[in-house]
Every structure is written in structure tokens, then in C-alpha cells.
There are 2 protein chains.
Amino acid sequence: MNQDITRAYRRISNYVNKTPVMTSRTLNKLVSAQVYLKCENFQRVGAFKVRGAFNAIQHLIEVENPAGIITHSSGNHAQAVALASRELNVQSLIVMPANAPSVKKEATRGYGAKIIECGNNPQDRVEKTEEVVAEYGYPVVHPYNDYNIIHGAGTAAYELLTEVGELDFILAPVGGGGLLSGTSKCLKSMFPKSSAIGVEPLNANDAYLSFKDGTQIYPSVNPNTIADGLRTSLGDITFKTIKKFVDDIVTVTEEQIILAMKFLWERMKIVVEPSGAVPLAGLLNLTKSRQKDEFKNKQIGIILSGGNIDLTDFFRTLSLSIQD
Amino acid sequence: MNQDITRAYRRISNYVNKTPVMTSRTLNKLVSAQVYLKCENFQRVGAFKVRGAFNAIQHLIEVENPAGIITHSSGNHAQAVALASRELNVQSLIVMPANAPSVKKEATRGYGAKIIECGNNPQDRVEKTEEVVAEYGYPVVHPYNDYNIIHGAGTAAYELLTEVGELDFILAPVGGGGLLSGTSKCLKSMFPKSSAIGVEPLNANDAYLSFKDGTQIYPSVNPNTIADGLRTSLGDITFKTIKKFVDDIVTVTEEQIILAMKFLWERMKIVVEPSGAVPLAGLLNLTKSRQKDEFKNKQIGIILSGGNIDLTDFFRTLSLSIQD
């Protein structure tokens, strides 16, 4: 067993939810295999991101005990860092694009973080983060390209494998690659013969291209995918880790992502965001393709990474419908 | 402990899911109490109805071993009876209005039931059911006004109380009254000092009126509520049982039902149908009102009765959004 991941687990287990593992007769029949869904949509702040945030910030406290930390994110990582900082008594400064949804800014502020706005393109974000670092002198917690974030993220797979035992395959979504790095590293250290598969939207297939090439990182260019958590590109650390531990990366279309989400909501009654449904879309695809015999009657784990999706419009429509 | 409910539990426990009990820090803070949500949305066919169906049909097999059974329903009861009949090797004939959604007819047929269409008003349904009984001679499994249905439904509370121990209150939705009857009967037999509260849509407040009157059943008249599972009226058996074991019935508005649903979907990441969210709407209401001290720091159980809601439009809109 990998010591980095068990150490991360000891660090964070008092702070994060041990999320449930769900199964479905219907799904097992559909794919002719035994599938275990690790429900990180039920995690605190609604996504696996708190695992990495608690681990990375605890690690920083152990080594340099900073008064604050800095990060940049407009997504689940921002709220995760804000929550972890509050509970670990560290100030958090979060660089967020000015055009990020105000509901996300409010939620992050609600956890006690200070939001620092930047321009809307990636270069603005980098420059603003450097400015903030120069001003405050706090360490930066990168959203994914950081070993402590990776090992924290890997604790979801650790819990899953500890609960259900050996799995033949684990599928995880890949955006920046933190979750896939941690998942595959954990799997290979516990069950070296098992396979880790990354699943990525075809419309943001930078990790797929980088992995197939094997020598360089292809950056994500104008990724147009509903899976908003997976639009980022690999970093050097996640690229290296994925090349070492991951067996394959496959892609899925937007329509396949929505169908997988629909299955999870309608049949399993759980709210999973598009990014979180991506690995199930991958499995549904793989088990329909020529490779299907590879998965037949196998034990398969899937990391449902999160459940944060804006339902304002859905409930507004529902409210209007009753006022007729 | 009530023997009817433990006997029902022994009969059905190999066939139904032991559904999870969920908790939420946010919810507990919001209502200043400890809340346990019994997630029957994760039950087979997506609702508690399978508990009563398996119990009632097993009971019939024990006492008269019929070749088939008859019921009338266009809702969750239809699918529950169809599934239970298939697994218990009994034919099922289900009387359903001609205007029932075809997706529901298909699902029920998918479990092997024979659908018999009738006209769209309640009187048509009664007449058609009588015709079918005369033709086939099979017994009828009423959707709620039947002790075996009630005792089956009560096993959800039994599992909840066995898992979490004594609760000060349990809240359940009330439509025809089967679930509330079984829940309250179970609660009072295990913890006589605890309180059972029924929650009903204000727009379908027949059980509320009947309970407050105490002498007669007020039928539901043109109930215009989004909680489609709660439009029915009490029967003589459920009225009697509720009068005996239930402490209070309260009502909620349509807007309150939608807000409770929104909380469950957005914050807890579970898909619960409007009828299933009704008791949480009741609790949110009660803990904001003058009675709030009554609930302060109490242990409160809520039966989330089901998760079947048509999401076709939601996912169609989502699909269209990606094709831009």
C-alpha cells in the first residue's frame, strides 16, 4: 500500500465524509459486470476536492505553518480550499475570474475565504496569483498539479478498495489529472494487476492526446464541454503520474455524458454533475464496443467525482408551473 | 414491537432494499435538531410501495395461493405490484386509466404485468376493477386501504428505528394514508411516547380535514398539487389507524414542497419526487413557526417516500444546449 495515500487518509479522515458505495441491479445487467459507484457527490461541498484540500493544507501546516494559503479556482476546488482553511484555522485567499458565477463567489465567501478577482483569461489568473503571492507571502495550493492534492484525491479509491476489495478496473474522470493520478496510484499500489482507465470528454481531449503521445502535454484549447470540471489541462506532475500508473484514457461525446447523467438521476436517484458522470459514460461506451468481452463479469469501480450543478432554472420552471 | 410489522419484515426483507439513512450537517443546523432521512427513493422501483406489495402478495399466497392478483393504480403502486408479482410467480392485472403516461404503462408492462385500461375518472376505475374481478376471480390488492399494505409500508420506519434507535418524532407524507398508518403504528409500538406527524399538501388536505374532524372521511376534491402521489383520499382502514396512532397532521404549500425538493437535490444530491419531499417541507415549516421549541435538539426521522419524477424535459433541454 502506498504510504503517501495512507498518510493522507489519516490526515483527512476526521474532516471528510466516508462516502457511500452504491450498486444497481439495472446497471450491472446493462454492462454485464459488477459495478461499484463511489459517490463523491455526497462528499462535503459536493465533490472529491475536499480530500486534496484538507491533505495539502494540513501538510503545509506541518512543514511551514503558514498564516494563510492562496489558490486559484472558480470551481469545486475553491469551495473545498475555503472550507478546509476555515476548519484548519488558516486564512484563504482565492483568485477567481471576475465573470465567475456570483453564486459560486458567495458560496466560497460563505466558508470564510477572501475572494480576489482577476481578469477572465488564464494569463490574468497566473499574473494575479503571482501578485497575491508577492503581497502576502503565503504558499499556493494548486488545484491538481501537486502531490498532496493527488494523494488526498487518491483516498476516495482507497476507501472504495478497502470497502469492496480487489477490483479489476477503476474508471475516473480526467481534467487536470489530480483525481486520476491519485486513483491510479492507489489502485496500482494495492492491486498491481488491476487497470486504471481515465475518461475524458472528446471536446476537451487534451489528456487523451498527451497520454497517447507520451512525450509532451497538449494543452486544452477552447474546450467546449458541458463537463465544466474537466476543461483544464494536465500539469507536469499529473502527466508523469498518469503515464506511470494509468492503463488507458478513453473519450466520450457530450451526448454520452448526458445519457450517463440521466441514468444516474432517473434510475439511481442521485444528482451527479456532468464531470462526475463522465466515467460512467466511458464504461457504457466500452461495454457496448468491440472491447466488451474485456469487461464481462468483471468487478469495476467508478469514481462519481461530484454533484454540483446549478438547478436554479429547473426549480424556477417548476415553481412557475404550479402558479398557473 | 408490533408483530404484524415484524412478520411483514421477515416476509419482504429478501426482496426489498434496506435503504440508507442519510444525515446532513446543513439540515441539522437549519432546523436545530438531528434529522435522519430514510431514503425510500433508493428503494426498488424508486418508492416505498414495494414493501406493501411484497407483503400483501406473500400474505395472499400463504392464505389462498391465487394464480393472479388484481390492482388499480397509475402510480408507483402499479410498478411495485408488477415487480412483486413477477418475483413471487403470480400473474398481475393492473387497471390503469387510458390517459396514464405511456412511460408508466411501459414500465409496468416491463415488469410483466398485464395492463387493463379504464376510463379516466375514479368511478370508471372502480367499475372496471369489479369487471376484472368478476372475470378472473383473483383477489384485489388495494394501494393503501389494506392491513398488509400498511404493515409492509411500516417496515421502512422499522428499519429506520432499528438502525438509529429512539426518535422523538417521525414525519411521513399522507395521501391515501398507507405509509403514515404503517409508520405511526410501528413508531408507537416501539416508542409509545414518540410522536408521529403526517404532512399533506394544503391543496389536497383531505386527510388533514378528516383527522381534525375525527368522525368522517372528507374525500379529496380536484386536488391540484404537484405531489402526485398524495392526491388520493383516506380509506376506512387508514382513517381508523391514523386516528389511533398519529399525533398530528400538518399541511404545506406547493412552494414549500418545491423548496424542500430543491434542498434535497441541490444540497443532499438526491432525487426525491414532490410527494417524497412533503414531510421535509413540513419539518422546515414547523421549525420556523411558533412551535419551533418543540423540535429543538430533538431526534427526528423523515420518510422520503420516493424518487420517481419525469426528467425527460430537463435532459432534453440539456441535450439541446450542447448542440448549439
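Remember, it's a predicted structure, so these values are computed and weren't measured experimentally.

**Thoughts on the domain arrangement of chain A**
Residues and elements named next belong to chain A. Segmentation of chain A into domains returns domain 1 (3-47 + 153-304) and domain 2 (49-136). Surface buried jointly by domain 1 and domain 2 totals about 1,500 Å² across both partners, of which 51% is contributed by carbon and sulfur atoms. The largest share of the area that domain 1 buries against domain 2 comes from Arg11, Tyr15 and Val45, three residues that together contribute 47% of it. Counting across the interface, domain 1 meets domain 2 through 4 salt bridges. Its salt-bridge partner being Glu87, residue Arg44 comes within 2.7 Å of it at the nearest N-O pair. On the surface where domain 1 and domain 2 come into contact, there are 9 residue pairs in polar contact (both at pLDDT 80 or more). Elements with a contribution of two residues or more to the side of domain 1 that touches domain 2: helix H1 (3-12) and helix H8 (155-164). Considering only residue class, the side of domain 1 that touches domain 2 consists of 8 nonpolar, 4 polar and 7 charged.

**A look at the relation of the copies chain B and chain A**
For the pair chain B and chain A, the best superposition has an RMSD of 0.0 Å and corresponds to a rotation of 180 degrees with a translation of 0.0 Å parallel to the axis. On the angle and the small slide along the axis, the relation comes out as a two-fold axis. For chain B, the minimum C-alpha distance to the rotation axis belongs to Ile270 of chain B and amounts to 2.3 Å. When you check the interface residues of chain B against chain A, 100% turn up at the interface there too, and the contact is symmetric in its surfaces.

**A closer look at unusual backbone geometry**
Residue and element names in this part refer to chain A. Even without being a glycine, Val45 presents a positive backbone phi close to 55 degrees. Within the element layout of this structure, Val45 appears in the loop between strand S2 (34-39) and helix H3 (49-63). Given the relative accessible area of 13%, Val45 is considered buried.

**Focus: the side chain of Ser85 of chain B**
All names here are of chain B. Take Ser85: it is sitting in helix H4 (residues 76-87). Judged by its relative accessible area of 1%, Ser85 is buried. At a separation of 2.7 Å, a polar atom in the side chain of Ser85 contacts the main-chain carbonyl oxygen of Val81.

**Focus on helix H13 (residues 274-286) of chain A**
All names here are of chain A. Compared with an ideal rise of 1.5 Å per residue, which puts 13 residues at 18 Å, H13 spans 18 Å between its outermost C-alpha atoms and is within 8% of the ideal. Within H13, 12 of the 13 residues are buried, which leaves it mostly tucked inside the rest of the structure. Buried within H13 are the following residues: Pro274, Ser275, Gly276, Ala277, Val278, Pro279, Leu280, Ala281, Gly282, Leu283, Leu284 and Leu286.

**Structural notes on the interface of chain B and chain A**
Each side of the interface is counted separately: chain B has 29 residues, and chain A has 29 residues. With both sides pooled, the region where chain B packs onto chain A buries about 2,800 Å², and carbon together with sulfur makes up 67% of that total. By the criterion of area lost to chain A, the three top residues of chain B are Lys269, Phe315 and Ile322 of chain B, representing 24% of everything that side buries. Taken together, the connections running from chain B to chain A amount to 0 salt bridges. At the boundary of chain B with chain A, the tally comes to 10 residue pairs in polar contact (both at pLDDT 80 or more). Counting residues per element, the side of chain B that touches chain A draws most heavily on helix H12 (residues 254-266) of chain B, which supplies 7 residues. Classifying every residue of the side of chain B that touches chain A by side-chain character gives 14 nonpolar, 8 polar and 7 charged.

**What to know about the pairing of strand S4 (residues 91-97) of chain B**
Residue and element names in this part refer to chain B. Within S4, 6 of the 7 residues are buried, which leaves the element mostly enclosed by the surrounding structure. Direction of pairing for strand S3 (residues 68-72) relative to S4: parallel, over a ladder of 5 bridges. Among the inter-strand pairings, His72 is bridged to a residue of S4, identified as Val95. Tracing the backbone out of S3, into H4 and back to the parallel element S4 gives a crossover that is right-handed. Looking at chain direction, S4 and strand S5 (residues 114-118) are connected through 5 bridges and run parallel. Residue pairing across strands places Val95 opposite Ile116, the latter belonging to S5. A crossover links S4 with its parallel partner S5, the connecting element being helix H5 (residues 102-110), and its sense is right-handed.

The rules behind these values
- Residues numbered from 1 in each chain as written.
- Chains lettered and ligands numbered in written order.
- Predicted model: local features only at pLDDT ≥ 70, side-chain atom pairs only at ≥ 80, totals over all residues.
- Heavy atoms only, no water.
- Domains from an automatic or database assignment.
- Buried area = accessible area lost by both parts, 1.4 Å probe.
- Salt bridge = Lys/Arg side-chain N within 4 Å of Asp/Glu carboxyl O.
- Polar contact = N/O pair within 3.5 Å; in protein donor to acceptor, adjacent residues only side chain to side chain.
- Helix = DSSP H or I, 4+ residues; strand = E, 2+ residues; numbered from the N terminus.
- Nonpolar A, V, L, I, M, F, W, Y, C, P; charged D, E, K, R; others polar.
- Least-squares fit on C-alpha atoms with pLDDT ≥ 70 in both.
- Contact = heavy atoms within 4.5 Å.
- Buried < 20%, exposed > 50% of the residue type's maximum accessible area, 1.4 Å probe, protein only.
- Expected span 1.5 Å × (residues − 1).
- Pairing = 2+ DSSP bridges.
- Right-handed = clockwise from strand over helix to strand, strands pointing away.

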